[in-house]
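Structural characterization, general
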Amino acid sequence: MGRFRDIFSGGQKSFAGYVTIATVAFFLFVLFKPGSNIFNWISAQREVSRQEKQIMQYRQELEKLDTRIDLLVTDRDTLEKFAREQFHLAAPGEDVYILEE
């Protein structure tokens, strides 16, 4: 630690000051330069997180729809119920009453 102190108090004092100022200026430039500053990185990370959550929601919804499709394809009663509810279909001789809320 003594050698580090000697750099800032010895004959290299002005050089060490220039190096420190240049280093701080470089880091400030990297952090805040237009186009790719730290604020853009943070907002991009938030956007990525939001989209990953949305992808998970879509995957869950897709799994539910796949399950429903499998039921409609394999179970005739489920298919008949779906057709009656969604398309107001009826067997011959049945009366259909549509109640809207």
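Here, every reference points to the structure presented above.
Residues numbered from 1 in each chain as written. Predicted model: local features only at pLDDT ≥ 70, side-chain atom pairs only at ≥ 80, totals over all residues. Heavy atoms only, no water.

Turning next to the overall build of the chain. Summing up its helical and strand segments, the chain has four helices and zero strands in all. Put simply, the chain has 101 residues, and 4% of those count as buried. (Helix = DSSP H or I, 4+ residues; strand = E, 2+ residues; numbered from the N terminus. Buried < 20%, exposed > 50% of the residue type's maximum accessible area, 1.4 Å probe, protein only.)

Evaluated as defined, the whole model comprises two aromatic pairs. An angle of 85° between the planes, with centres 6.0 Å apart, marks the rings of Phe82 and Phe87 as edge-to-face. (Phe/Tyr/Trp six-rings, centres within 6.5 Å; stacked < 30°, edge-to-face > 60°.)

Moving on: the pattern of salt bridges. In total, this model carries three salt bridges according to the counting rule given. Between Glu94 and Arg84 there is a salt bridge, and its shortest N-O distance comes to 2.6 Å. One end of the pair, Glu94, is in the segment after α4 (76–87); the other, Arg84, is in helix α4, with ten residues separating them in the sequence. Because the salt bridges share partners, they merge into one network encompassing Glu80, Arg84 and Glu94. (Salt bridge = Lys/Arg side-chain N within 4 Å of Asp/Glu carboxyl O.)

Moving on to the packing of helix α3 (residues 38–74) against α4. For the pair α3 and α4, interaxial distance at closest approach is 5 Å and the crossing angle is 105°. Relative to α4, α3 is oriented roughly perpendicular. Taken together, the residues of α4 that come into contact with α3 (itself represented by Arg68, Leu71, Leu72 and Thr74) are Arg76, Thr78, Leu79 and Phe82. Here the residues of the contact of α3 with α4 sort into four nonpolar, two polar and two charged. (Axes fitted to C-alpha atoms, helices over the stretch in contact; angles between N-to-C directions. Parallel < 35°, antiparallel > 145°, perpendicular 65-115°, else oblique. Contact = heavy atoms within 4.5 Å. Nonpolar A, V, L, I, M, F, W, Y, C, P; charged D, E, K, R; others polar.)

It is worth spelling out α4 at this point. Three or four residues apart is the spacing at which side chains of an α-helix point the same way, because the helix has 3.6 residues per turn. With twelve residues, α4 extends 16 Å between its outermost C-alpha atoms, agreeing within 8% with the 16 Å of an ideal straight helix rising 1.5 Å per residue. Positive phi shows up at His88, right after α4, with a value of about 55°. (Expected span 1.5 Å × (residues − 1).)

In short, shape yes, function no, at least from these values alone.
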